[in-house]
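The primary structure of each chain is shown beneath.
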Amino acid sequence: MVFNDVFGEEDGFVVFSLLFFTFMALWVLRWIIIQIKLILRLKKEKKQAELMHLKSQVNPHFFFNTLNNLYGLVEQDTTKAQQMILTLSDMMRYSIYEGQNDWVTLAEEITYLENYMDLHRTRYHKTIDIRFDIDVEDRNIKIMPLLFIIMVENAFKHGVEKLRKDAFVHIQLKANKQHIDFEIENNFDKEEVDDQEGIGLQNLKQRLELVYLKKYKLKISPNYADSIYQVQLKLSL
């Protein structure tokens, strides 16, 4: 045989064995790479599915509460009711469509929060000290959608709604291309204190861990002596 004439019988067997094992090693390596890609794709799909599920849980009860308020307001003040409907419509559109995207601009998120607070100003028949201080270098910075709303919603739900007077919600948002700092502070009724962490904050923590991994810091600081609740979120971009 030509193969044996060139290499000799023993050398031919060695060469054949090397070629065979090289082929098998390449085949196994290719199979491993395919499996790794499959696992990564499945993990990504699972992560996306989990994020979609968490996003769908964000503040649905707020919309229902607002609709209930609108029902009673339609006959009392038609103009105010119409404005509330338009604002609520914008918020629902953002939550349903933009909220399902991977990223939105900081400008869009700010508008969403401003609409939310405007609706609350209209809803309540009491004076509320609402401040929203914004110091943003670039409003086109991309962030996770519906990032801040849970913290803002909690401030109203557990603070403003429970207090008969002197309620306040103070928000500070600072951002540059490297960092985002969000801080919210509100007062609350000592008799309405609930020490358990709500589903909303648990939801937020899960979403932050999925999207920002270790590039965030969430600090929750309840001050029961002064009846003040503070939440700080720091992000590295």
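The present account deals with the structure reproduced in this document.

Cut-off values and rules
- Residues numbered from 1 in each chain as written.
- Predicted model: local features only at pLDDT ≥ 70, side-chain atom pairs only at ≥ 80, totals over all residues.
- Heavy atoms only, no water.
- Helix = DSSP H or I, 4+ residues; strand = E, 2+ residues; numbered from the N terminus.
- Expected span 1.5 Å × (residues − 1).
- Buried < 20%, exposed > 50% of the residue type's maximum accessible area, 1.4 Å probe, protein only.
- Pairing = 2+ DSSP bridges.

What follows covers helix H5 (residues 106-123). Between its first and last C-alpha atoms H5 spans 26 Å; for 18 residues at 1.5 Å apiece the expected length is 26 Å, and the two agree. Looking only at H5, the buried set comprises Leu 106, Glu 109, Ile 110, Tyr 112, Leu 113, Asn 115, Tyr 116, Met 117, Leu 119, His 120 and Arg 123.

Our focus in this paragraph is the environment of Asn 69. Checked against the element boundaries, Asn 69 lands in helix H3 (residues 60-76). Taking the C-alpha atoms as reference points, Asn 69 and Tyr 124, separated by 55 residues in sequence, lie 9.7 Å from one another.

With that out of the way, let us pick up the pairing of strand S5 (residues 179-187). Pairing of strand S4 (residues 167-175) with S5 involves 7 bridges; the strand directions are antiparallel. If you follow His 170 over to S5, its bridge partner there is Glu 185. Counted along the chain from S4 to the antiparallel partner S5, the turn is 3 residues long. Strand direction decides the pairing type here: S5 and strand S7 (residues 228-236), joined by 9 bridges, are antiparallel.

This is a description of form; function is not addressed.
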